[in-house]
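# A structural walkthrough
In case you want the letters, here they are:
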Amino acid sequence: MSRLNVNQILALILAVFSVIFLIGAYQIPAFALPRPVDSDMFPKVLGYSLLILSGMLFLEKPQERDIPDADAQAESARLPLLLRPWSRVIITAIAIAAYALLLEPLGFVLASTLLSVGLTIYYGYRRHAINLAVSLGVVLALYLTMTKFMNVHLPPGVLPI
């Protein structure tokens, strides 16, 4: 029996999480009035997508470049504290928590655009005009799709949308 690699362990953890998420998604009650898209569809799509992606990650064969070596770890230690891999995970988690707190007062469009632009700048993308245009375009497309076609209420916040 061979040992599981890191990707396979993560895939199993994500698969368990997706099954728990799907169990919760199937507990969402349906509306009494028939609708083309009910409130439980989006969580179910997310859960099944995560489960499928977990299976793909489990079956992926690790490449030679995926195996960390001593040089990569030494190089990571030379990086500034805020750019080290674990620092990036923590800062991203803090940014998502701030997004959740600011979603209602700022609104979906502004909070989502700030999160997207802020994280792409933090991760090193320096073409700010393109970054802003793409982030704003994707966020507005999501907002309009969710509010106009799917009748999902998203907080408008300070913008008059």
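Residues numbered from 1 in each chain as written. Predicted model: local features only at pLDDT ≥ 70, side-chain atom pairs only at ≥ 80, totals over all residues. Heavy atoms only, no water.

## A closer look at the UniProt feature "transmembrane region" (unreviewed entry) in the protein
Quick reminder of the rule: UniProt positions are given in the numbering used here, feature names are shortened, and annotations may be inferred rather than shown by experiment. Helix and strand definitions here come from DSSP, where helices need a minimum of 4 consecutive H or I residues and strands a minimum of 2 consecutive E residues; each element is numbered from the N-terminal end.
In the numbering adopted here, UniProt assigns the feature "transmembrane region" (unreviewed entry) to residues 9-29, 41-60, 81-102, 108-125 and 132-150. Split by type, residues 9-29 is 81% helix and 0% strand. Its first and last C-alpha atoms lie 33 Å apart. Summarising residues 41-60: 95% helix, 0% strand, and an end-to-end C-alpha distance of 28 Å.

## A look at the packing of aromatic side chains
Aromatic ring pairs are defined here through the distance separating the ring centres and the angle between the ring planes. So the rule is basically this: Centre distance within 6.5 Å is the pairing criterion for rings of Phe, Tyr and Trp, where only the six-membered ring of Trp is used; planes under 30 degrees apart are then read as stacked, over 60 as edge-to-face, and the remainder as tilted. To sort residues, take the accessible area from a 1.4 Å probe on protein chains only and compare it with the maximum for the residue type: under 20% means buried, over 50% means exposed, and anything in between is partly exposed.
In total, this model carries 3 aromatic pairs according to the counting rule given. Measuring from ring centre to ring centre gives 6.1 Å for F108 and Y143, while their planes differ by 25°; the resulting arrangement is stacked. With F108 in helix α5 (residues 108-122) and Y143 in helix α6 (residues 128-149), this pair connects stretches of sequence that are 35 residues apart. The buried category is assigned to F108, whose relative accessible area is 12%. Looking at Y143, the relative accessible area reads 5%, which means it is buried. Measuring from ring centre to ring centre gives 5.2 Å for Y122 and Y123, while their planes differ by 75°; the resulting arrangement is edge-to-face.

## Focus: the packing of helix α1 (residues 6-25) against helix α2 (residues 41-59)
As a reminder, the rule being used: Between N-to-C directions, angles span 0 to 180 degrees; the directions come from axes that are lines fitted to C-alpha atoms, helices contributing only their stretch in contact. Orientation is classified from the angle alone, with under 35 degrees giving roughly parallel, over 145 giving roughly antiparallel, 65 to 115 giving roughly perpendicular, and any other angle giving oblique. What makes a crossing left-handed is the near helix being turned counterclockwise from the far one by less than a right angle; a clockwise turn instead makes it right-handed. Residues are grouped as follows: nonpolar covers Ala, Val, Leu, Ile, Met, Phe, Trp, Tyr, Cys and Pro; charged covers Asp, Glu, Lys and Arg; every other residue, Gly included, is treated as polar.
Packing of α1 against α2 brings their axes to within 8 Å, and their N-to-C directions diverge by 160°. Considered as vectors, α1 and α2 are oriented roughly antiparallel to each other. Crossing geometry of α1 relative to α2 is assigned as left-handed. Class assignment of the residues belonging to the contact of α1 with α2 gives a composition of 17 nonpolar, 5 polar and 1 charged.

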